[in-house]
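# Structural features, examined
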Number of protein chains: 2
Amino acid sequence: MFHERPADLSPADLDALRAAAFAVADAARAACLPHFRAAGLTAEDKGGPGWFDPVTVADREAEAAMREVLGRLRPGDAILGEEQGTSRGASGRETGLSWVLDPIDGTRGFMAGTPTWGVLVALNDGARPVLGVIDQPFTGERFWGVSHGTRRGAEWTRGADARPLRTRPCAGLASATLFTTFPEVGTAAERAGFEAVRDRARLARYGMDCYAYALIAAGSVDLVIEAGLAAYDVQALIPVIEGAGGVITDWRGGDCQRGGRVLAAGDPRTHAEALAILSQAP
Amino acid sequence: MFHERPADLSPADLDALRAAAFAVADAARAACLPHFRAAGLTAEDKGGPGWFDPVTVADREAEAAMREVLGRLRPGDAILGEEQGTSRGASGRETGLSWVLDPIDGTRGFMAGTPTWGVLVALNDGARPVLGVIDQPFTGERFWGVSHGTRRGAEWTRGADARPLRTRPCAGLASATLFTTFPEVGTAAERAGFEAVRDRARLARYGMDCYAYALIAAGSVDLVIEAGLAAYDVQALIPVIEGAGGVITDWRGGDCQRGGRVLAAGDPRTHAEALAILSQAP
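Residues numbered from 1 in each chain as written. Chains lettered and ligands numbered in written order. Predicted model: local features only at pLDDT ≥ 70, side-chain atom pairs only at ≥ 80, totals over all residues. Heavy atoms only, no water.

### Some words on the sheet that holds strand E5 (residues 98-105) of chain A
Residues and elements named next belong to chain A. Using the following cut-off: Paired strands, as defined in this entry, are two strands with at least two bridges between them according to DSSP. To qualify as a helix, a DSSP run of H or I must reach at least 4 residues; to qualify as a strand, a run of E must reach at least 2; elements of each kind are numbered from the N terminus. Between the N-to-C directions of two axes lies an angle of 0 to 180 degrees, each axis being a line fitted to C-alpha atoms and, for a helix, fitted only over the stretch in contact. Here a residue-residue contact requires only that any non-hydrogen atoms of the pair lie within 4.5 Å.
If you trace the eight strands from one edge of the open sheet to the other, you get E4-E3-E5-E6-E7-E8-E9-E10, paired in mixed fashion. Two strands in the sheet have a free side with no partner beyond their single neighbour: strand E4 (85-87) and strand E10 (161-164). Mean inter-strand twist for the sheet, computed between neighbouring axes without regard to direction, equals 15 degrees. With six bridges joining them, E5 and strand E6 (residues 118-124) adopt antiparallel strand pairing. Among the inter-strand pairings, Leu101 is bridged to a residue of E6, identified as Val121. Here helix H1 (residues 11-32) sits on the sheet and contacts E5, E6, strand E7 (129-136) and strand E8 (141-146); the angle it forms with E7, its principal contact strand, is near 30 degrees.

### Brief notes about helix H4 (residues 188-198) of chain B
All names here are of chain B. How we decide: Partly exposed describes any residue whose relative accessible area lies between the buried limit of under 20% and the exposed limit of over 50%, with all areas from a 1.4 Å probe on protein chains only and scaled to the type maximum. In this description, the arc belongs to the directions extending from the helix axis to the C-beta atoms.
For H4, the complete set of buried residues consists of Glu190, Gly193, Phe194 and Val197. What you see down the axis of H4 is that its buried residues fit within an arc of 95 degrees, all on one side. Its buried side turned inward, H4 meets strand E11 (177-180), strand E12 (203-206), strand E13 (223-229), strand E15 (260-265) and helix H8 (268-278).

### Quick notes on the environment of Val221(A)
With respect to the helices, strands and loops of the structure, Val221(A) is situated in the loop between helix H5 (211-217) and strand E13 (223-229). Overall, Val221(A) belongs to the buried group, its relative accessible area being 1%. Measuring from C-alpha to C-alpha, the distance between Val221(A) and Tyr211(A) comes to 10 Å, with ten residues separating the pair along the chain. In this view, Val221(A) contacts Arg168(A), Thr177(A), Phe179(A), Ala212(A), Leu215(A), Ile216(A) and Ala112(B); residues no more than four positions away in its chain are not counted.

### Some thoughts on the relation of the copies chain B and chain A
Applicable threshold: Alignment of copies: least-squares fit on C-alpha atoms of residues with pLDDT of at least 70 in both copies.
Least-squares fitting of chain B to chain A yields an RMSD of 0.0 Å, with the superposition described by an axial translation of 0.0 Å and a rotation of 180 degrees. These values place the two chain copies in the arrangement generated by a two-fold rotation axis. Most of the interface of chain B is mirrored in chain A, where 100% of its interface residues are also at the interface.

### A few points about the sheet that holds strand E12 (residues 203-206) of chain A
Across a sheet, strands are paired by hydrogen bonds formed along the backbone, either parallel or antiparallel in direction. Residue and element names in this part refer to chain A. On the basis of which strands lie adjacent, the open sheet formed by five strands has the order E12-E11-E13-E15-E14 and mixed pairing. The open sheet has two edge strands with one neighbour each: E12 and strand E14 (247-249). The mean inter-strand angle of the sheet, taken between neighbouring strand axes irrespective of direction, is 15 degrees. Bridge count between E13 and strand E15 (residues 260-265): five bridges; the pairing is antiparallel. Across the sheet, Val224 pairs through a bridge with Ala264, a residue of E15.

### Considerations on the interface of chain B and chain A
It is common to give the size of an interface as the accessible area lost on bringing the parts into contact. Operational definition: Take a side-chain nitrogen of Lys or Arg and a carboxyl oxygen of Asp or Glu: if they are within 4 Å of each other, that pair is a salt bridge. Definition of a polar contact: a pair of N or O atoms within 3.5 Å, with one able to donate and the other able to accept a hydrogen when the atoms are protein atoms, and with sequence-neighbouring residues admitted only if both atoms are side-chain atoms.
Across the contact, 34 residues belong to chain B and 34 residues belong to chain A. Counting across the chain B and chain A interface gives four salt bridges. Residues Asp209(B) and Arg205(A) are paired through a salt bridge, measuring 3.0 Å at the closest nitrogen-oxygen approach. At the boundary of chain B with chain A, the tally comes to twelve residue pairs in polar contact (both at pLDDT 80 or more). Here the side of chain B that touches chain A gets four residues from one element, more than from any other, and that element is helix H3 (residues 107-112) of chain B.

### Looking at the packing of aromatic side chains
Selection rule: Pairing of aromatic rings covers Phe, Tyr and Trp, the last through its six-membered ring, and needs centres within 6.5 Å; plane angles under 30 degrees mean stacked, over 60 mean edge-to-face, and all others mean tilted. Over a ring means this: the NZ of a Lys or the CZ of an Arg is within 6 Å of the ring centre and within 35 degrees of the ring normal.
Summed over all chains, the structure comprises 15 aromatic pairs over all chains. Arranged with centres 5.9 Å apart and planes meeting at 80 degrees, the rings of Phe143(B) and Tyr211(B) form a pair that is edge-to-face. Of the two residues, Phe143(B) is situated in strand E8 (residues 141-146) and Tyr211(B) in helix H5 (residues 211-217); the sequence distance between them amounts to 68 residues. Here Phe143(B) matches Tyr211(B) in class, with each residue buried. Through successive ring pairs, a cluster of aromatic residues spans Phe36(A), Phe110(A), Trp117(A) and Phe138(A). Across from the ring centre of Phe22(A), 5.9 Å away, lies the NZ or CZ of Arg18(A), which sits over that ring.

Right under this line is the structure:
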């Protein structure tokens, strides 16, 4: 789905794209929040046997709102969204840029009323996601980042407050706080890989969805390990983690932008130590 | 530690006690928040071998602030706090009332930067906790309740917003959303009991600390199962859950105010179905 050659983005381009990404996240916020903890919110199950994969009216309305904003502000860009799939930019004016959208990452958390889900917005330049937003509408927090170029960096905002995001040092697993969303992680092999890392970590916690990655960028979590992700689950995380000084790859150390198995760390030393274990997973 | 005979609390007494409880929670908020996600927050480990039980300067400063407020507003009441233990009311003017305080329930979550921890304030009338507050300083939410008498009820507040808390109907485990903080739960027998319930529930989630109980009261979670709790972990939860229409007991259906194994549900039918399984745990 992604072009082979990256578009050439100037700092001014990136500033305009950031403004568009924020408008998209604002629209998703406004669409999601009225449904959060609302009585009678129900989910359809779009999963297969044994796998509850809920989608709610909030996911659908939020993605529609996000696409409406992009159609207006960025008519030549392509869109990949969790609920409505891929759409190409308007014919004849294609930019080579793609927006990758997850209206509610962590629908289970959304349905349970926990402030752990997020709205994910990524801009892919044809080679990699270069701009990402992790937005938590209920707490009012926005974690966003740019992964390369002169605008490389990451920032946390909440209303009028803003603060640079910077990962913290962590010398290795023995002092690391590790997160994953589900204790079962994925397949039996993936679970075993996670548990081998967990057994060397200082502290393991569960249940945070995309918020755990945001907390790596914020410097209060050291490591997140997950498996079975889709492209729209991970693309927005990459510029936030990298812009804050962290490392995010698959379990072999390669590019994780298409999803699958993901390993994110605030400190390259912790990443390397976890990678040495996870890369053994069949 | 608790008196045998309950003090006789009028509605006016309860209103005054609620105001004192809110002043205590406000003081804890002000003490905790500057340390939340602050660079360099470190923990001492007060646990035993194999059990990381962190305490931070935030826990200590918050409990001191809470005790200072109670010393001023409620000098005749006793206090049980997680960090400083039990203190009796000023000699000669004892009221028979006890405050049970957990300055930060979920210190691991606090240290990891997740908004899942809470400040817990309970008032025990000598027989049971009758007034409870679950406060989440970062989101600005306060869940509070009264478990009996004419003031029985529960409410959510956030800044100027307020809303009654009411559990939701849940016909049984097959439609239940279940939380526990740690997947290991407690002993091997306790873990097995939890897993037997989990295997019949619709959805299991982890990592929420006291916030999961607040979400039962808010009607977005159906069940919480935990083990190994202390009195200060559970007393504030009881009036919130009961005031919102839920049920909270130990794993045999008895009083859980001293901690240990706790089963909380929004709907008595779900509670009964889980209890039938958990009461088999040795």
